[in-house]
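Chain by chain, the residues run as shown.
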Amino acid sequence: MKKRYLILENGEVLEGEAFGAHCETVGELVFTTNMCGYIETLTDPSYCGQIVMQTFPMIGNYGIIPDDFEGKSFVRGYVVREYCCEPSNFRTQKTLDSFLKENGIPGICGIDTRYLTKITREYGVMNATISDSPVADTESIKQYRVCNAVKTVSTKQPILLSSSDKSYNVALIDYGAKKSISEELLKRNCCVTVFPHNVKSETILEGGFDGVMLSNGPGDPSDNTEEIEEISKLFGQIPMFGICLGHQMMAISQGAKTVKMKYGHRGANQPVSDLILNRTYMSSQNHGYAVVGETVHNGTVRFINANDGSCEGIDYENAFSVQFHPEASSGPKDTSFLFDRFINMMKGAENA
């Protein structure tokens, strides 16, 4: 295999071997601790603009299964310890290498990902480049920033996902929505209409919807000022449920602040504590920003991360949000009941 290099913004160069697309890339280097679910990771729009590193050593052993895609791939690059070039699974349709080539994503394997994870945990998230040359302009790497991420990944036109003869009519605002979110709603007899990120509140309020789902998505939540303004107009008018970026933007719309985390939470093993029910759940997460719990005033922090105490969920009047992913297809199902809570909230509004 051809040599390929991962060059960090601090100038450190790690040598590995090339797979995937034959091109160079620059992105924000992040790591995920998932032991499985690399297909869902690669197709999660929330990774837009990022070079993803898997801490689990062998990746690609069950190939690529299109039925498991969460959406389109917006990953900038892929870093693994060991790439399995001969997958074994009855559902496999192609190799990881061919998937990366088709999507223009350069990969690098043979990297000491334990060492690289320690660097990221100590110094925080850094930009990096994947290149076939060991020499790069570190100043240009440092200047990279994920921009216009939500606009890039969102649908351009409304999409109706089911017929209208369902129990509840839900507007799903797509900031980078994973397919699993709509699937959880469809399983609960909801008619789901997916709207672009810039949908106006009037369109939803006049559309006969029973509830609004604010999806996950990439980038800095505070960049989305127009979307946040529309969320604030929906508050108190209709039941709402926010996940990940939707959670952060809902909080900002109600006066809270967000902060960029040192290296974020990415993996299927994040414990979250429910402060009301006094119990802890295992959750799947993918975020580099967090709501500052101390700035939440028009709402109550209900969930916190059991490791670092960061805000993981907020309850409002007729709305709630969580930082983690209750719909995670390749993660724990501990918190899928939150979709039932959303249904009950719409049912309560219907009977009010």
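Trainee: Is there a simple way to explain the packing of helix α8 (residues 225-234) against helix α9 (residues 245-253) in this structure?
Mentor: When two helices pack together, their arrangement is captured by the angle between the axes and the distance separating the axes. Closest axis-to-axis distance for the α8/α9 pair is 8 Å, and the angle between their directions is 70°. Judged by the angle between their axes, α8 and α9 are roughly perpendicular. Contacts between α8 and α9 pair E227, I228, I231 and S232 from the former with M249, M250, I252 and S253 from the latter. Along the lines of polarity and charge, the residues of the contact of α8 with α9 split into 5 nonpolar, 2 polar and 1 charged.

Trainee: How do you make sense of the pairing of strand β12 (residues 190-195) when you look at a structure like this?
Mentor: Walk down a regular strand and you will see the side chains alternate between the two sheet faces. Buried residues dominate β12, accounting for 6 of its 6 residues. Side chains C190, V192 and V194 project from β12 onto one buried face, and the interleaved C191, T193 and F195 project onto a second face that is buried too. Here strand β10 (residues 159-160) runs beside β12; their pairing, made up of 2 bridges, is antiparallel. Residue L160 lies in a different strand from β12, and its bridge partner there is T193. Direction of pairing for strand β11 (residues 168-173) relative to β12: parallel, over a ladder of 6 bridges. Bridge assignment links I173 to a residue of β12, and that residue is F195. After leaving β11, the chain enters helix α6 (residues 179-187) and then returns to the sheet as β12, a path that is right-handed.

Trainee: Sorry if this is basic, but what is going on with the side chain of Q248 here?
Mentor: Considering the arrangement of structural elements, one finds Q248 in helix α9. Judged by relative accessible area, which is 3%, Q248 ranks as buried. If we skip the residues at most four places from it in the chain, Q248 touches P221, T258, H287, Y289, A290, V291 and Q323.

Trainee: Got a minute to help me understand the environment of V292 in this structure?
Mentor: One can find V292 in the loop between β16 (279-291) and β17 (300-305). Using a relative accessible area of 24% as the deciding quantity, one classes V292 as partly exposed. As a C-alpha pair, V292 and Q50 span 242 residues in sequence and 23 Å in three-dimensional space. Excluding its chain neighbours within four sequence positions, the residues that come into contact with V292 are K257, T258 and V259.

Trainee: Explain α8 to me, please; I cannot follow it from the model alone.
Mentor: Residue pairs three or four apart in sequence face the same way in an α-helix, which turns once every 3.6 residues. Along α8, the residues classified as buried are E227, I228, E230, I231 and L234. End-on view of α8: buried residues confined to an arc of 160°, all on one side of the axis. The outward face of α8, more than 90 degrees from its buried face, is lined by the exposed residues T225 and E226. Following α8 by one or two positions, G236 adopts a phi angle in the positive range, close to 80°.

Trainee: Would you take a moment to explain the environment of D340 for this structure?
Mentor: Here D340 lies in helix α10 (residues 337-351). When the C-alpha positions of D340 and R188 are compared, they lie 7.9 Å apart, and in sequence the two are 152 residues distant. At 2.7 Å, the side chain of D340 and the side chain of R188 are in polar contact.

Definitions and cut-offs
- Residues numbered from 1 in each chain as written.
- Predicted model: local features only at pLDDT ≥ 70, side-chain atom pairs only at ≥ 80, totals over all residues.
- Heavy atoms only, no water.
- Axes fitted to C-alpha atoms, helices over the stretch in contact; angles between N-to-C directions.
- Helix = DSSP H or I, 4+ residues; strand = E, 2+ residues; numbered from the N terminus.
- Parallel < 35°, antiparallel > 145°, perpendicular 65-115°, else oblique.
- Contact = heavy atoms within 4.5 Å.
- Nonpolar A, V, L, I, M, F, W, Y, C, P; charged D, E, K, R; others polar.
- Buried < 20%, exposed > 50% of the residue type's maximum accessible area, 1.4 Å probe, protein only.
- Pairing = 2+ DSSP bridges.
- Right-handed = clockwise from strand over helix to strand, strands pointing away.
- Arc of directions from axis to C-beta.
- Polar contact = N/O pair within 3.5 Å; in protein donor to acceptor, adjacent residues only side chain to side chain.

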